[in-house]
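The lines below spell out each chain.
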Amino acid sequence: MKTSFVTDLASEQTITSFFLVHEKEIRNTRAGKSYLRLELGDRSGTIEALMWDQFEPAAKDVSRDDIVKVNARVEIYRNKLQLSLQQLRLAKPEEVDLADFLPHTKQDVAKLWAQLLEYANSIANPWLKKLVNGIIGDPAIAARYKRAPAAKVMHHAFLGGLLEHVIGLCGLAKQVAAHYPELNADLLLTVAILHDVGKLDELCYDRAIGYTTEGQLLGHIVMELETVSKAMDAIEGFPANLKTVVQHLLISHHGQYEFGSPKLPMIREALVFHYLDDMDSKMAAVRAALAADSGDPEWSTLSFALGRKFLKLDEFLKDRGVELE
């Protein structure tokens, strides 16, 4: 079973452990020597791994999304830890627990799900309440909803990430509707709960977080539009105009054409929800960057989602005798 996780690794130690293969490629040095490069990971993070000699026999049996057992030396290169592989082989099924290899929400999924049901049942409009409860009440959907990530990389990219993201959005929806009384809280809650339901089919997350073939071809907006539209059609008497509004909320939530929205938000609730979704996603990306070990006392790792590093504000101010409450 797995003993060493990525976040446990320290320079100049030799380890024997199991990792999930995120990337695999054969590269050449400038002198023309071939070597194996892997990106290996577990639920705590990822690390680059290199094998310089006699890698061909092992490499031919190893593919992306495989779990491997390695013997390696932990080294530092350009201020980052990496593994120098001495031995590599495929792991046997009985040697591993899949829960060790995918990151998971730190929150209690059962409590998050109970919160989601409370938000759904707080919807006053009977049509919207029936729509939302009908979808999340489907046992097959509920099981995947509790486990799905919200994205592959950009934000909440861990098991349970979608549910965590949606709960955050429901809370924001309630608060912003209280602040702007002209907004309809039922519409905001409906789109918060359903806006990423297409990701249940767009993403796969059994061994590693990736895209299904259908997800690559269609994308979650198209997929959830079909799912939610079918659900509305199955509710006898569902108002046609309300159906159009719900469809618009779903297809406009990315906010801009270049971000994949078929339409710009043209209903006030659609506009507001786009900004709530964008804010929650970006805050999650900031949180992830600050939580990662950067090796720098004042700056985070680079957030690829946001294209920048972030100042560790508390440490920066504390070193100068200032504390924020």
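Chemist: Explain the packing of helix H2 (residues 109-121) against helix H5 (residues 161-179) to me, using residue names and the numbers behind them.
Modeler: At a minimum axis separation of 10 Å, H2 and H5 run at an interaxial angle of 40 degrees. Taken as axis vectors, H2 and H5 run oblique relative to one another. Between H2 and H5 lies a crossing of left-handed hand. In this structure, H2 contributes Val109, Leu112, Trp113, Gln115, Leu116 and Tyr119 to the contact, and H5 contributes Leu163, Glu164, Val166, Ile167, Cys170, Gly171 and Lys174. The class makeup of the residues in the contact of H2 with H5 is nine nonpolar, two polar and two charged.

Chemist: Let's hear about the sheet that holds strand E5 (residues 80-90): which residues, and what values?
Modeler: Spatial ordering of the closed barrel is given by E1-E2-E3-E5-E4, a layout of five strands whose pairing is mixed. Neighbour-to-neighbour, the strand axes of this sheet turn through a mean angle of 50 degrees, independent of strand direction.

Chemist: Talk me through the packing of helix H9 (residues 220-233) against helix H10 (residues 240-251); I want residue IDs and the actual numbers.
Modeler: Axis separation between H9 and H10 bottoms out at 10 Å; the angle between their running directions is 160 degrees. Judged by the inter-axis angle, H9 sits roughly antiparallel to H10. The crossing of H9 and H10 is right-handed. When H9 is examined against H10, the residues Ile221, Glu224, Leu225, Val228, Ser229, Met232 and Asp233 are found in contact with a partner set consisting of Lys243, Val246, Gln247, Leu250 and Ile251. Considering only residue class, the contact of H9 with H10 consists of seven nonpolar, two polar and three charged.

Chemist: Any details on unusual backbone geometry? Residues and values, ideally.
Modeler: Phi at Asp65 is positive, roughly 80 degrees, even though this residue is not glycine. Here Asp65 is to be found in the loop between helix H1 (56-59) and strand E4 (67-77). At Asn79, a position not held by glycine, the phi torsion is positive, near 65 degrees. Inspection of the secondary structure assignment puts Asn79 in the loop between E4 and E5. For Asn79, a relative accessible area of 76% corresponds to the exposed category.

Chemist: Could you give an account of the nonpolar core, naming the residues involved and the relevant values?
Modeler: Leu116, Leu131, Tyr145, Ile193 and Val228 are the most contacted members of the largest nonpolar core, which has 52 residues in total. Elements with a contribution of two residues or more to this core: H2, helix H3 (126-136), helix H4 (139-147), H5, helix H6 (185-194), H9, H10 and helix H11 (268-291). If near-sequence neighbours (up to four positions away) are discounted, Leu116 is found in contact with Ile136, Tyr145, Leu163, Val166, Ile167 and Ile193. Listed in part, the 22 residues of the second largest apolar core include Val21, Met51, Ala58 and Ala72.

Chemist: Describe the pairing of strand E2 (residues 34-42), naming the residues involved and giving the relevant values.
Modeler: For E2, the buried fraction is high: eight of the nine residues fall into the buried class. Joining the antiparallel neighbours strand E1 (residues 14-28) and E2 is a turn of five residues, in which Gly32 adopts a positive phi near 90 degrees. Looking at chain direction, E2 and strand E3 (residues 45-51) are connected through seven bridges and run antiparallel. Bridged to Leu38 within E3 is Ala49. The turn joining E2 and E3, which pair antiparallel and follow one another in sequence, is formed by two residues.

Chemist: Can you lay out H2 for me, pointing to particular residues and giving the numbers?
Modeler: Over its 13 residues, H2 runs 18 Å from end to end, which matches the ideal 18 Å to within 8%, given 1.5 Å per residue. Along H2, the residues that are buried comprise Leu112, Trp113, Leu116, Tyr119 and Ala120. Viewed end-on, H2 has its buried residues packed into an arc of 115 degrees, placing them on one side of the element. The outward face of H2, more than 90 degrees from its buried face, is lined by the exposed residues Ala110, Lys111 and Glu118.

Chemist: Mind laying out a negative patch on the surface, listing which residues take part and the relevant values?
Modeler: A surface patch of like charges, here negative, comprises Asp314, Glu315, Asp319, Glu323 and Glu325. Tracing the sequence through the fold places Glu325 in the segment after helix H12 (313-318).

Chemist: Run through a nonpolar patch on the surface, naming residues and quoting values.
Modeler: Residues Leu217, Leu218 and Val222 make up a contiguous nonpolar surface patch of about 310 Å² in total accessible area. By the element assignment, Leu217 lies in helix H8 (residues 213-218).

Chemist: Any chance you could break down H10 for me, citing the residues and the numbers?
Modeler: Across its 12 residues, H10 extends 17 Å between first and last C-alpha, which sits within 8% of the 16 Å expected from 1.5 Å per residue. Turning to H10, the residues buried within the fold contact H3, H6, H9 and H11.

Chemist: Any chance you could break down the packing of aromatic side chains for me, citing the residues and the numbers?
Modeler: Taken as a whole and assessed by the stated rule, the structure comprises three aromatic pairs. Considering the side-chain rings of Trp113 and Tyr145, the 5.6 Å spacing of their centres and the 70 degrees angle between planes classify their relative orientation as edge-to-face. Here Trp113, found in helix H2, pairs with Tyr145, found in helix H4; they are 32 residues apart in sequence, far enough to count as distant.

Rules used in this analysis
- Residues numbered from 1 in each chain as written.
- Predicted model: local features only at pLDDT ≥ 70, side-chain atom pairs only at ≥ 80, totals over all residues.
- Heavy atoms only, no water.
- Axes fitted to C-alpha atoms, helices over the stretch in contact; angles between N-to-C directions.
- Helix = DSSP H or I, 4+ residues; strand = E, 2+ residues; numbered from the N terminus.
- Parallel < 35°, antiparallel > 145°, perpendicular 65-115°, else oblique.
- Left-handed = near helix turned anticlockwise from the far one by under 90°.
- Contact = heavy atoms within 4.5 Å.
- Nonpolar A, V, L, I, M, F, W, Y, C, P; charged D, E, K, R; others polar.
- Pairing = 2+ DSSP bridges.
- Buried < 20%, exposed > 50% of the residue type's maximum accessible area, 1.4 Å probe, protein only.
- Core = buried A, V, L, I, M, F, W, Y, C linked by side-chain atoms within 4.5 Å.
- Expected span 1.5 Å × (residues − 1).
- Arc of directions from axis to C-beta.
- Patch = residues over 30% accessible without salt bridge, like charges linked within 9 Å, V, L, I, M, F, W, Y side chains within 5 Å.
- Areas by Shrake-Rupley, 256 points an atom, 1.4 Å probe, with all protein chains shown as cover.
- Salt bridge = Lys/Arg side-chain N within 4 Å of Asp/Glu carboxyl O.
- Lys, Arg positive; Asp, Glu negative; His and termini not counted.
- Charge placed at Lys NZ, Arg CZ, Asp CG, Glu CD.
- Phe/Tyr/Trp six-rings, centres within 6.5 Å; stacked < 30°, edge-to-face > 60°.

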